[in-house]
Structures are given as C-alpha cells and as structure tokens.
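This is what each chain is made of:
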Amino acid sequence: MKILVAVKQVAALDEDFEIRADGLDVDEDFLLFDLNEWDDYSLEEAMKIKEASSGDVEVVVVSIGPERVDESLRKCLAKGADRALRVWDDAIEGSDSSVMARLLAAVVRKEAPDMVFAGVQSSDHAFAATGIGLAGELGWPHAAVVNALDYAPGARQASLKRELEGGVSQSVTLQCPAVLTIQLGINTPRYASLRGIKQANAKPIDVLGLGDLGVAASTVGVDASLSRVRRMYIPPKGRAQMIEGSPDQQAARLVEIIREFKGA
Amino acid sequence: MDATAQTTRILFEQFSPWAINLFYAFGYAAIACFLYGSYVQVRKYRRGQPDASWGQLAARFGDMARTMLTHRTLKRRDHAAGAAHAMIFFSFIALFVGTATITLEVDILKPLFGITFWKGGFYLLFSLVLDLAGLGLIGGLLYMMYRRKWMALPKLDYTRPDRQPGDPDYDRSAYRREDWAFLWTLILIGITGYVLEASRLVWLSGDAGVWDSRFWSPVGALLAHSLMGLGLDASGAGTLRGGLWWFHGLLALSFIALIPFTKVKHIFTASASLMFRDPLAGRRLPKVPETQEAAGYQAITDLTWKNLLHLDACTKCGRCHEACPARTVGAPLSPRDVILSLREFANHALAASSLPDKAELSIHGKGPGQVFMETLWSCRTCLACVEICPVAVEHVPIIVQMRRKLVEEGQMEPILQKTLQTIHKTGNSFGESKRKRGAWTKGLPFPVKDARKEPVETLWFVGDYAAFDPRNQKVTQAFARLLHAAGEDFGLLLDGELNAGNDVRRVGEEGLYEHLASSNIATLEGCEFKRIVTTDPHSFNTIRNEYPEFADPALRGLFQIEHYSTVLLKLIQNGRLTLKKHLSHRVTFHDPCHLGRFNKGYDAPRELLALIGCTLVEMPRNRDNSFCCGAGGGRIWIPDPVGMEKPAQNRMKEAAGLPDIDVFVVACPKDLTMFEDALKTTPGCEGRFVVRELIELIAECVEAADPAPAALAAAPAMA
Ligand code: SF4
Ligand code: SF4
C-alpha cells in the first residue's frame, strides 16, 4: 500500500526584491524558498493514514525541481515520509503546470501508488492546476479542495468533504486510486525539528531524470507548455487617496469626487 | 591514680549478657538495613545516564564542605531557618561523632588493641560538649516545629499548582506526616538522652566518681536535681533508666536504619548534590552528544545519575516554589513539584531489582509522577529556582531536556512552532528579511562599519529585539551614538548576524540552536576584532557561556563578550564619555535575569545610575532575587493566558509599591517591550512612573547641550 504526495518548493519574496533582467521572473537572490504551505497538510494527511493503519503503508514524496528542492524534501522525510523522489533535468526549466502534470503522471505510472495527494495550489504561482492536471493525464477519479477525508489504506472507495465557495460543503465518495488536492486546515501539520531534518539526511532522495521516466525532452520545457510567462512586473500603484480634514470637510470632498465621476 | 582519671562513660553497667547481645543484634540489624537501603538508592542512581561531573573531586569536596560549614545557602533569604538548621546540624554532628567514638573504643580499639581513651579529662570535656550539643539540637528542632505549625509560611504549603484536588498525586499529606515524624523522632532522641543521663546520675548518686563530676554535664545534672526534687530515688532512677535506655537506643537505631528510606537521607543526598553542583547550570545547557539518536528526556532513565541524585536532595524547603515567577502568577508550574514528581516517579520505577518496560518509564503525561506539557511550557528559564536552592538542585536543565522531547514531537503551541520555523527561515524571530537587520543604522548621522569587511576593535552583536523592534531601535541608535561619541572603533555583522539562539535553546529546539550558533560562530571566526559587546543580555549569555563549547577549541578566546553596562561604565570612568548633565530622578532598577542571575552583572548598572545622579530605590525583589519579566525561555513568543496576571504586571505592582519613583530602569531590550506593555495594562500603575532603558538615561546626560559656559557664550551673539 502506497501513498504518493506531490510537493513543491515555493518561493517567497524578500524585502525590496528586483525583477530578473529578462523580465520573466523575480531575481532568485531575492527569493526565500520553503515547502508550499498546502503540502504540509497533504503530507500530514498521508502520515495520519499511515500511522492509523496496522498494515504496511509507504508514504513517498515527489517534487520537481533543482537541487535546492532537496532541503524541502528532507523536511518531508523528517516528518516521517519513507522515501523522496526528485525529478529534474535542465530541459524542464520554464515548464508550466501542464508539463508538470505530465511528468508527475510518469512518476505515478512508475510508482503505482494506491492514492495520490497534492496541495490545492502553490502559494507562489497559484494556478491550482497541477494536481487536477495530473488526474487528467492519468484518467483517474479526482477531487479538489478536500477538507475532510475518510480513507482506509487499500480501500476501494474514499469518502471526503470538499469546501466550496460561500460556505457550502460537498460530501463525495469516489473510486480509488484517485488524486485528491488537499485544503489547508484539514489537519494540524506536525513540526519537523531541526534535528529531525538533519537526521533525515541519512534517508535517500532518488533523483530521476527524463530518461528514468521515459519522457522525451521535447515534451517538456517552455516550448512544450500550454502557457508561458510573457512578463513579470510590479503594477503601478493604485489611485487610492486619503481624504484629510474634519468629517464635514471629508464629506464635502467625497461629494465633489462623486460628482466628478458622474461627470456632473 | 586520681578519681577523675577513672571517670568514664557508664555504658552497659549492670546489663545481663543476653541484653547486651540483644542490643548488638538490633545494632547489626539497623546497620544492615541502612546498608541495604543505601544499596537500593545507589542502584537507582546508577540506572541514570553518565554525567561528566566526576572531575576535580577534591575541589568539589572543598566547595561542598565550605557551603555546609558556613550554611551560606541555607541562610539566604531565610536567616532564622538557616540558623536553626545550623544548630541542629552541628549538634547532630557532635552527638554523632561522640557516639561513634564510643563505638570505636568499645567495639574496636579496646577489644583489639586494649586502647581506651574515653576517660578522664577527655571524657569530661566531651561530656560537656555533648551536653550542650543536645541543647542545640532540641532548640533548633523546637524552632522548626514552631515554624511549621504556627508561621503558616506559603513556601511550606505543599498545595500543588499543577494538580487539582482529587488527582491521584495531589495529596501531599504523606510528606507532611514524614516531616513531623522526622522532627519528633529527633527531638525524642534528644530529650530521652537527657532524661537518661539524669536518671543515671541519680541512680549512681552514691558513686563519687560519677556524682562529683556531674556538672560537666550541666543540663543532665540540673535535670537530675529536679528529678530528685520531685522525689526520684536511686532505685527508682535505676528502673527508669533501664526502660529509657532501651527506648532511646532503639529509637536511635531505627533512625539510622531508616535513613535511606526517608527524608533523613538528605544528610547524604544534599551533601552529594552540593558536591556535584554545576556552577553553570542553566546558564550553559547540556549539548546533545553527536552519537545520540534522540534529543531530550522521555523516560526516567534518560536522566543522568546526577539529575536523579538532585531529585533526592530536595528537602521541600519551598524556596524555589516561592521564587518562581510562573508559580507566583498562578501558572501550573512549581519547580519544587517538578522535582518531587520526578523523584516519586524514580522511586516507584527504579527501586525494584529489575526495570519495568520502557513504556512504563515515560515521565511525560498526566499520570502520577508524570510532568504535564503545560507545566514544562510555563517555565521562563529565569533560574530563580536554581539560584536559591540551598542544596544545589538544578531544575532548569531537567525542564529544558524534557522540552527537547516535546519539541521533537511537536507538542507545543502552534504559534511557537511558527516562530521557530520563522527563525529557521529568516534567521530572526520577527520574520523580517535578513537585509533589514541593519536598517536601524540609517537613522544615524555617521556610517557604521561592516565588521565582516574590515577589522574593528569592538564587534557589536545586536540581537533580534534591539535590531528589529521599533521602540528598541531608538535605544540601539542611542548606544551607537554613545560608542561613536567615545571614539570607539566598532562594527556590526549586519545581515550576517542570526538570532543568537539563547531562547531557542531554552525552548528546547536544540537542532535549530546548533544551526544558529554554528552559523554565528563561523561568521565571527571570519572577522577580526578584539571583543564583542551587546546590549542584549540573552545574546550575552549564550555567546559568553555556550558558544565556546561549539567553537574550535583554539578559538574559544574569541567569545570575550561584554554587556553594554560594563562598557559604558568604563567609558565614563576613563573620561571618554563626559556627562554634561545630571538627572535627579528617583529610580528603581530591574535586574534582567540573563545579566544578573545568569552572569552576576548586578553592579555596573547601579554604578551607572549613581554616576548620572539618580537615586536608586530597590524593589524588595532585587539582584539575585530579581523577578523575571516573563519573557525568558521562549515565553516571549507564546502569549500568556488571558485573565491570568502576567509576571511583568506583578513586577509593575511591586514597583508601584515603592514611595514616589519616577523611572523604572531596565537594561534589556525584551524588558523594555515587556514592561512598557505591562505598565499600560496593570491597573493603578499607569502614570505612576515611566519605563526607560538605562542607555537612554545615559545618552540624555552625554548628549545634553553643553552646560552653562556654552549658554553664556551664546548670549551676546543673540543680543
Ligand atoms: S526557571 Fe524560573 S520559571 Fe522556570 S521553574 Fe525555575 S523559577 Fe520557575
Ligand atoms: S528544589 Fe531546592 S529550593 Fe526547591 S524545595 Fe527542593 S530543596 Fe528547596
């Protein structure tokens, strides 16, 4: 019995960042990398299933990215994942979520897990597409934004709740294997102590290249993607303004502005 | 031969041989019981982990002997109890030595070598000493009884803040009964000793050899005369003596037999605890050995033998209980109860001939003898408990070791978890960008050196609060101006500095501490400087006491660090800073735990206050008894429960009780934050005084406009 958890190392902006010379991304010097917040929850959900089970459950984490991603994988290992996989080839650089989904699908075929978890979205790019794209590639049942899960390892079905807009919930039963994207708050993620992370150095991280997955280089990268970034920039400041003065003066000025807009 | 030379102790006079044999049988049984009990105790300690405190035994012994002979630690903050204990202690020793020498003569020297010395002048002198010692013993014990029964001292109240009535180990009445049994047994041994002596005198009043020298035992003699006055004659006295002799003897033998099983064992455990005391306990926390898999204490057998010994040394004097800020504000923690819980646990789990299952050895949990997670997280690692314990129990290292386990398991407040992750990610607890660490220097009218790029005389380790907290940045800038005014060549590590790790370590996140300390050490080792200074007592403590253990042994000298108070004091004393103005405030001073108790920096701030003309009014709890602001041990990152008084508020009330003070002076960035906040939230304190950093007061004096002459010179120009 195996659960595969797809995770991502996300970037957060540091103070006073700068955009890269090519205008397509933020200069990496100004980025702080960490495990995507959603992935803390999806890994925890897998760990809870593993710990509640009397049988043998293997939790495997997988991520796509360069070597720096190992640090985030190690954090997952420290939290109890059994194995970590990292997929990388320089040709992957610039790929969009559709390519990521394709690569992950190749990993799933190779690992043959009974269940796949991913975060609802990543905090840096926020496409919320990779997990569901992966289900599409595989043709597996899927559910997005899962905020409660009832699943026994190896069961043919899982029942879960999905969080919809406007405070509505949906109860769903679906066939397994399946791909679920996990929402924040579904559980309380555990803490990975620094000693734990250090000791996780001893656990292996397998690096897979395109050849290992049987994926052709021509099917990854910017050119194989369905979308590409044209420009990254800081939008000009909005036109909000503070109206100063006593309440009377403020009200008078507000009336003036409304008139201006109405063109009166 | 003159009569006194014949005088000797009447021992088994007129005892039938079987009675003597019976007595010896009891004696041997008592000794066997004592030895077996001692063996069980030692076996218990040996079930703990190794500890490296075996070095320098002679020096340790000397230190212990000095502490015991002076009763220094017992007299602190409770002189009467210390003095009474000294009376009991010295009398007990005299009486014990007296009895032991009799045994030596009767059972060893005389039968084997025919030597007797227990006679003549020596005997008379000795009986005088022992007679007076008996008085000391009884007097001391009477005071202790009075103290327990009538003084209603809160520290002798065994009510536990961490358990509710009805919990299985809430009730501490067994301890109370034991205390009384101990006092009564000793006092009965003393009293029957006197009556025995008196009845012997009456009984042998016909024997001139005995009777004529009776006043060498003045108390006994007076008692003998009183008994005779009451109509006791020689034969009645003989009968009385016969009965009493057995009573007294058996009581004393039972006392000896029961030493290892009762609180009496503190005679040994407290001495040993003092002998193995670590002067840096809590100031320098134990490293986790490289080879050790898991950090922290999970099972009772994870404690070192020294920890286990400390548990047994506690005499329940309650001094730590009284001093603890967490306990004072009603948190579920008493350092005494942590120690006693663990002791009960150890006695239960480690006394049998074989160890129970590993699962039954866990000291974390809600069961009897286990320590609650909330209890451990309530500690502010302020060291007030370790500082005042008369028998050198070291609570804080045990508490932190137990926290290490909680951290490994993630059993902590989510907000603390977040803060630790933030510190790991950004290197500071504010979650600010590393690049902003030096932002406060922008407000200075002169450039500040980057100590990583050029050599400096003084390397200033700023610390998180001083660098990032807006209110503290003003103080930090003022200190920079003072250094600049004094012509000091100083520099910073800027974005190369990480949180020093003092509080991270005290939280129990040892891995993160190792990471922070080794990064800072590597940065420091790459710089050229003569000394380190800091305005932050927390950074001060860990750099001074803990970094050397993580550094290359050849470079340990690097960590010569000074707190700003000694730096400024020298700069003023040698004239490099001039005070242009004096402040005539009435102030009180709060000793920061990490400067005062941790590192004995009590005097420099006070001398500075005197130099700038302030009148210091001490709070009742000052210097080594300073009351923690509540921020220590990582508690600054965990909000205090609503509705419960905060330690800082308790401190504000104490200051407000002083007659007319203007300023509450602090010397620590965290104190400034804690107390400015507490001043606003403590009813009846706001507006009574203000909270200021000592640096600000000094800057005010140094940076004042030039006094009178300048003002005069300016006057004509204006005219
Ligand atoms: S260190 Fe301070 S807060 Fe912690 S137990 Fe000791 S006295 Fe109490
Ligand atoms: S630990 Fe020390 S201070 Fe506390 S009650 Fe025991 S002997 Fe007294």
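Quick caveat, the model's predicted, so the values are computed rather than measured.

The rules we used
Counting restarts for each chain: residues are numbered from 1 in the order of the written sequence. The order in which chains are written sets their letters, starting at A; the order in which ligands are written sets their numbers, starting at 1. Under the rules for a predicted model, residues below a pLDDT of 70 receive no local features and side-chain atom pairs below 80 are neither given nor counted, while totals for whole chains, interfaces and linings still include all residues. No hydrogens and no water enter the side-chain calculation; it runs on all heavy atoms of the structure. For two strands to count as paired, DSSP must find a minimum of two bridges between them. Helix numbering and strand numbering both begin at the N terminus, where a helix is a DSSP run of H or I of at least 4 residues and a strand a DSSP run of E of at least 2. Whether a crossover is right-handed comes down to one check: with the strands pointing away from the viewer, does the path from the first strand over the helix to the second run clockwise; if it does, it is right-handed. Here a residue is near a molecule or strand as soon as one of its heavy atoms is found within 4 Å of it. For this scheme, ten residues count as nonpolar: Ala, Val, Leu, Ile, Met, Phe, Trp, Tyr, Cys and Pro. Four count as charged, namely Asp, Glu, Lys and Arg, and the remainder, Gly too, count as polar. Centres within 6.5 Å are what make two rings of Phe, Tyr or Trp a pair, Trp counting through its six-membered ring; a difference in plane orientation under 30 degrees is then read as stacked, over 60 as edge-to-face, and the rest as tilted. Two conditions define a charge sitting above a ring: the NZ of Lys or the CZ of Arg must be within 6 Å of the ring centre, and it must be within 35 degrees of the ring normal. UniProt positions are given in the numbering used here, feature names are shortened, and annotations may be inferred rather than shown by experiment. Summary of the burial criterion: residues with accessible area below 20% of their type's maximum are buried, those above 50% are exposed, and those between are partly exposed, where the area comes from a 1.4 Å probe applied to protein chains only. When checking whether two residues touch, look at their non-hydrogen atoms; a contact exists if any pair is within 4.5 Å. Every axis corresponds to a line fitted to the C-alpha atoms, with the helix fit spanning only the stretch in contact, and the corresponding angles, defined between N-to-C directions, vary from 0 to 180 degrees. Here, a salt bridge means any Lys or Arg side-chain nitrogen found within 4 Å of an Asp or Glu carboxyl oxygen. Note: domain ranges come from an automatic or database domain assignment.

Once that is clear, we can look at the pairing of strand E6 (residues 586-589) of chain B. All names here are of chain B. Pairing geometry for E6 and strand E7 (residues 615-616), over 2 bridges, is parallel. Considered in E7, the bridge of valine 587 is made with leucine 616. Once you follow E6 into helix H26 (residues 603-611) and on to E7, the crossover reads as right-handed. Here E6 runs beside strand E8 (residues 663-666); their pairing, made up of 3 bridges, is parallel.

Turning our attention to the site of ligand 2. Neighbouring ligand 2 are the residues B:Cys314, B:Thr315, B:Lys316, B:Cys317, B:Gly318, B:Cys320, B:Arg336, B:Cys389, B:Pro390, B:Val391, B:Val393 and B:His395. When its residues are assigned to classes, the shell around ligand 2 shows 7 nonpolar, 3 polar and 2 charged.

All told, the structure shown has 26 aromatic pairs over all chains when counted by the stated rule. Both rings, one in B:Phe182 and one in B:Phe255, keep their centres 6.4 Å apart while their planes meet at 15°; by these two values the pair is stacked. Here B:Phe182 is found in helix H7 (residues 173-203), whereas its partner B:Phe255 is found in helix H10 (residues 234-258), with 73 residues between them in sequence. The structure contains a cluster of three or more aromatic residues connected by ring pairs, namely B:Trp440, B:Trp460, B:Phe479, B:Phe490 and B:Tyr564. The ring of A:Phe33 carries A:Arg68 above its face, with NZ or CZ at 3.8 Å from the centroid.

A word on the UniProt feature "transmembrane region" (unreviewed entry) in chain B. Residue and element names in this part refer to chain B. UniProt marks residues 18-37, 80-102, 122-146, 181-203, 215-232 and 244-261 with the feature "transmembrane region" (unreviewed entry), using the numbering shown here. Regarding residues 215-232, the helix share stands at 67% and the strand share at 0%, and the terminal C-alpha atoms are separated by 19 Å. As annotated, residues 244-261 comprises 83% helix and 0% strand, and the C-alpha atoms at either end are separated by 26 Å.

A word on the pairing of strand E8 (residues 157-163) of chain A. Residue and element names in this part refer to chain A. On E8, burial follows the alternation: Ala158, Leu160 and Arg162 on one face are buried, whereas Gln157, Ser159, Lys161 and Glu163 on the facing-out side are not. With 4 bridges connecting them, strand E7 (residues 142-150) and E8 associate as antiparallel partners. Paired with valine 146 across the two strands is arginine 162, which belongs to E8. Where E7 folds back onto E8 in an antiparallel hairpin, the turn is made up of 6 residues, including glycine 154, whose phi is positive at roughly 85°. Bridge analysis of E8 against strand E9 (residues 169-175) gives 7 bridges, and the strand direction is antiparallel.

Before going further, it helps to spend a moment on the UniProt feature "domain: Electron transfer flavoprotein alpha/beta-subunit N-terminal" (unreviewed entry) in chain A. Mapped onto this numbering, the UniProt entry gives "domain: Electron transfer flavoprotein alpha/beta-subunit N-terminal" (unreviewed entry) at residues 23-217 of chain A. Structurally, residues 23-217 of chain A comprises 31% helix and 27% strand, and the distance from its first C-alpha atom to its last is 25 Å.

As a further point, take the sheet that holds E8(B). Residues and elements named next belong to chain B. One open sheet holds the 4 strands; their spatial order is E7-E6-E8-E9, and the pairing between them is parallel. Across the chains shown, the open sheet's two edge strands, defined by having one partner strand only, are E7 and strand E9 (690-693). Against the sheet, helix H29 (residues 694-702) touches E8 and E9, its axis set at about 75° to E9.

What follows concerns the pattern of salt bridges. Under the definition given, this model contains 75 salt bridges over all chains. A salt bridge links A:Asp14 to B:Arg435; its shortest N-O distance comes to 3.1 Å. Of the two residues, A:Asp14 sits in the loop between strand E2 (9-13) and strand E3 (31-35) while B:Arg435 sits in the loop between helix H19 (414-426) and strand E1 (449-450), which places them in two different chains. Overall, the relative accessible area of 9% leaves A:Asp14 in the buried class. With a shortest N-O distance of 2.9 Å, B:Asp162 and B:Arg160 are connected by a salt bridge. Here B:Asp162 falls in the buried class, since its relative accessible area comes to 7%.

With that settled, the discussion passes to the domain arrangement of chain B. Here chain B is described as being made up of domain 1 (65-156), domain 2 (193-261), domain 3 (286-408), domain 4 (426-568) and domain 5 (570-718). Of note, the centres of domain 2 of chain B and domain 5 of chain B, computed from C-alpha atoms alone, are 64 Å apart.

Cis rather than trans, the peptide bond between A:Cys176 and A:Pro177 has omega equal to 0°. Structurally, A:Pro177 can be placed in the loop between E9 and strand E10 (179-182). Positive phi outside glycine occurs at A:Ala126, with the angle close to 55°. Within the chain, B:Gln56 stands out as a residue other than glycine whose phi angle is a positive 45°. In this fold, B:Gln56 is placed in the loop between helix H2 (17-46) and helix H3 (57-70).

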